[in-house]
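Breakdown of the fold
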Amino acid sequence: TYAICKADMLIKGQEVSNIVAGNTLSDDGHAMRRFDYMLSNPPFGVEWKKVEKAVRDEHEKKGYDGRFGPGLPRVSDGSMLFLLHLVSKMRPAAEGGCRFGIVLNGSPLFTGGAGSGESEIRRYVLENDLVEAIVGLPTDMFYNTGIATYVWILSNRKPADRKGQVQLIDASGFWQKMRKSLGSKRKEMSDEHIATVTRLFGDFTEAEFVTVLDAEGKALGEPKLVTGTDDEPQPPEGGRLKRVPISRIFNNREFGYTTITVERPLRDDKGQPVLGSKGKQKGKPQPDSALRDTENVPLAEDIGAYFQREVLPHAPDAWIDDEKSKVGYEIPFNRHFYVFEPPRSLHAIDEELKAVSARIVAMLSELAE
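Let me begin by describing the structure that accompanies this report.

Criteria and cut-off values
Just so you know, the residues in each chain are numbered from 1, in the order the chain's sequence is written. Only residues with pLDDT of at least 70 are given local features in this predicted model, and only at 80 or more are side-chain atom pairs given and counted; all residues enter the totals for whole chains, interfaces and linings. Calculated side-chain values reflect all of the structure's heavy atoms, with hydrogen atoms and water omitted. Here, any two strands with at least 2 DSSP bridges between them count as paired. Under the DSSP-based scheme used, a helix requires at least four consecutive residues in state H or I and a strand at least two consecutive residues in state E, with every element numbered from the N terminus. Only the stretch in contact is used when fitting a helix axis, every axis being a line fitted to C-alpha atoms; angles between N-to-C directions are given from 0 to 180 degrees. Pairs of residues are marked as contacts when any of their non-hydrogen atoms sit within 4.5 Å. If an angle is under 35 degrees, it is roughly parallel; if it is over 145, roughly antiparallel; if it lies from 65 to 115, roughly perpendicular; otherwise it is oblique. Here is the rule for handedness: rotate from the far helix to the near one, and if that takes an anticlockwise turn smaller than a right angle the crossing is left-handed, while a clockwise turn gives right-handed. We call Asp, Glu, Lys and Arg charged. Ala, Val, Leu, Ile, Met, Phe, Trp, Tyr, Cys and Pro are nonpolar, and the rest, Gly among them, are polar. The distinction between a cavity and a pocket rests on a 1 Å grid over the protein atoms alone: a 1.4 Å probe fits inside a cavity but cannot get out, while a pocket stays open yet meets protein on both sides within 12 Å along at least five of seven lines, and a residue with an atom within 4 Å of a point counts as lining. Grid points are joined across faces, edges and corners, and a volume is the space filled by probe spheres set on the points. One side-chain nitrogen of Lys or Arg within 4 Å of one carboxyl oxygen of Asp or Glu is enough to make a salt bridge. Residue burial is assigned from relative accessible area. The probe radius is 1.4 Å, only protein chains are included, and a residue is buried under 20% of its type maximum, exposed over 50%, and partly exposed in between. Note on aromatic contacts: the rings of Phe and Tyr and the six-membered ring of Trp form a pair at centre separations within 6.5 Å, being stacked when their planes are under 30 degrees apart, edge-to-face when over 60 apart, and tilted otherwise. Either the NZ atom of lysine or the CZ atom of arginine qualifies as a charge over a ring when it sits within 6 Å of the ring centre and within 35 degrees of the ring normal. Surface patches are defined over residues having more than 30% relative accessible area and no salt bridge, joining like charges when they lie within 9 Å and nonpolar side chains (Val, Leu, Ile, Met, Phe, Trp, Tyr) when within 5 Å. For accessible areas, the Shrake-Rupley method is used with a probe of radius 1.4 Å. Any residue's cover is judged against the shown protein chains and nothing else.

Another point: the sheet that holds strand β2 (residues 99-105). The 8 strands lie next to each other as β1-β2-β4-β3-β5-β10-β8-β9, forming an open sheet whose pairing is mixed. Either end of the sheet is taken by a strand with one partner, and the two such strands are β1 (37-40) and β9 (224-227). Averaged over all neighbouring strand pairs, the angle between strand axes comes to 20 degrees, with direction disregarded. With 7 bridges joining them, strand β8 (residues 207-213) and strand β10 (residues 240-251) adopt antiparallel strand pairing. For phenylalanine 209, the partnering residue across the bridge sits in β10 and is valine 244. Against the sheet, helix α3 (residues 79-87) contacts β1, β2 and β4 (149-155), and its axis sits at roughly 175 degrees relative to β2.

Right under this line is the structure:
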């Protein structure tokens, strides 16, 4: 692979010394170098057990002076290590800054609870305001896998209107069928699809597909892409508009939460709380591990108010163990684009069943004749 890559660069007249043999994670071939733009399509869900010692040594000994200071993901998936590798290569904002794109599977968006390596990496890039946008791609876009993939766009030179915010774009429906499949790659994005995603990102706008439905719920024409500055179509009398979000903008903190540990008292045979007898626990109710629970409280919400509203009405004797509270971050991409479709009314279903039953009876009577 190394030789073929070098040969390819020679043919194209590129600087072949930029191609370095070795493992990206354990042997940094471009140490101390910084770049203006970077693109990466690392392997999805590949374990890093073979280079675990080198990676952990760099994390523990160099900390933030190395590439993996924020944290380490689970050994079974090294995707986020490649993300940190690129972050370490960003040219400082004072020197012009950097923007890069990396293709990842869905796991880095949400895998790992508060305090885990994955969550700490997400916390680092979000709290440092590096994530500019995440674009969800169609499935079946790659030769060796059909899973959903996402392009993360990170930058340390965000314009003023983007600071403190992240744009999510759902381009999973932007595809056309390939004339001939290549392994698992059956779909491709047309130039028009790419132009639409690029425009939504460039304009930094929220957008949705709006479909006009008549009184019977049938679509009148094709869905129309409507941004915040466009005039939306008007439904006919008795009709309605069906909205499907395509682009949404969030504050960085909206992806954060605090995991609180809710304790309840251990009780003796008489139902009385068991009190501690030594040290700091003397005279205090002892927690019952069997009744221990956790709650995720959004960062934007007051923990005390949440506890009063959501926990105490159901467990008046509960309390929060503040020493166990942890801040976490996740990006539930699909949840932000989910559109609830209300089920049909029971009356409509009942009428349809009656009609079907009547047709079956009529058909049986014809057979009997």
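With that settled, the discussion passes to the packing of α3 against helix α5 (residues 117-127). Contact geometry of α3 with α5 gives a least axis separation of 11 Å together with a crossing angle of 30 degrees. Taken together, the axis directions place α3 and α5 in an arrangement best described as roughly parallel. Crossing of α3 against α5: the hand is left-handed. Residues Met80, Leu83, Leu84 and Val87 of α3 touch α5, and the partners they reach there are Glu118, Ile121, Arg122, Tyr124 and Val125. When grouped by side-chain class, the residues that make up the contact of α3 with α5 number 7 nonpolar, no polar and 2 charged.

Further remarks concern empty space enclosed by the protein. Following the criterion strictly, the structure yields 1 cavity of 30 Å³ or more and no others. By volume, the largest cavity is sized at about 40 Å³. Lining the largest cavity, in full, are Pro73, Asp77, Met80, Ser107, Pro108, Thr111 and Glu118. Tallied by class, the residues present in the lining of the largest cavity amount to 3 nonpolar, 2 polar and 2 charged.

This brings us to the pattern of salt bridges. Pairs can form between side chains of opposite charge whenever their charged atoms are close. Inspection of the entire model under this criterion finds 25 salt bridges. The salt bridge involving arginine 123 is made with glutamate 127; its shortest N-O contact spans 3.2 Å. Of the two residues, arginine 123 and glutamate 127 are both situated in helix α5; the distance of 4 residues between them amounts to about one turn of the helix. In this structure arginine 123 comes out as partly exposed when scored by relative accessible area, which is 25%.

It is worth spelling out the packing of aromatic side chains at this point. Scanning the entire structure with this criterion turns up 6 aromatic pairs. Between tyrosine 150 and phenylalanine 333, the aromatic rings sit 5.0 Å apart at their centres with planes inclined by 65 degrees, giving edge-to-face as the arrangement. You can see tyrosine 150 sitting in strand β4 and its partner phenylalanine 333 sitting in helix α8 (residues 333-336), a full 183 residues away along the chain. Across this residue pair, the class does not change: tyrosine 150 and phenylalanine 333 are buried. Pairing phenylalanine 174 with phenylalanine 209 gives two aromatic rings, centres 5.9 Å apart and planes at 65 degrees, and the pair type is edge-to-face. In this pair, phenylalanine 174 is assigned in the loop between β5 (165-170) and β6 (176-182) and phenylalanine 209 in strand β8, connecting sequence segments 35 residues apart. Ring pairs connect the aromatic residues Tyr150, Phe333 and Phe337, which therefore count as one cluster. Geometry around phenylalanine 201 places arginine 162 over its ring, the cationic atom sitting 4.3 Å from the centre. Between the NZ or CZ atom of lysine 187 and the centre of the ring of tryptophan 175, over which it lies, the distance is 4.2 Å.

Next up on the list: the layout of surface pockets. Within this model, the largest pocket holds a volume of roughly 900 Å³. Lining the largest pocket are 27 residues, with Asn18, Val20, Thr24, His30 and His85 positioned closest to its centre. Counting only elements with at least two residues in the lining of the largest pocket, the list comes to α1 (2-11), β1 and α3. A per-class count over the lining of the largest pocket returns 13 nonpolar, 10 polar and 4 charged.

Before going further, it helps to spend a moment on a nonpolar patch on the surface. The grouping of Val356, Ile360, Leu364 and Leu367 at the surface amounts to a nonpolar patch, some 390 Å² of accessible area in total. Checked against the element boundaries, leucine 367 lands in helix α9 (residues 346-368). Among the residues examined, leucine 367 registers a relative accessible area of 71% and is labelled exposed.

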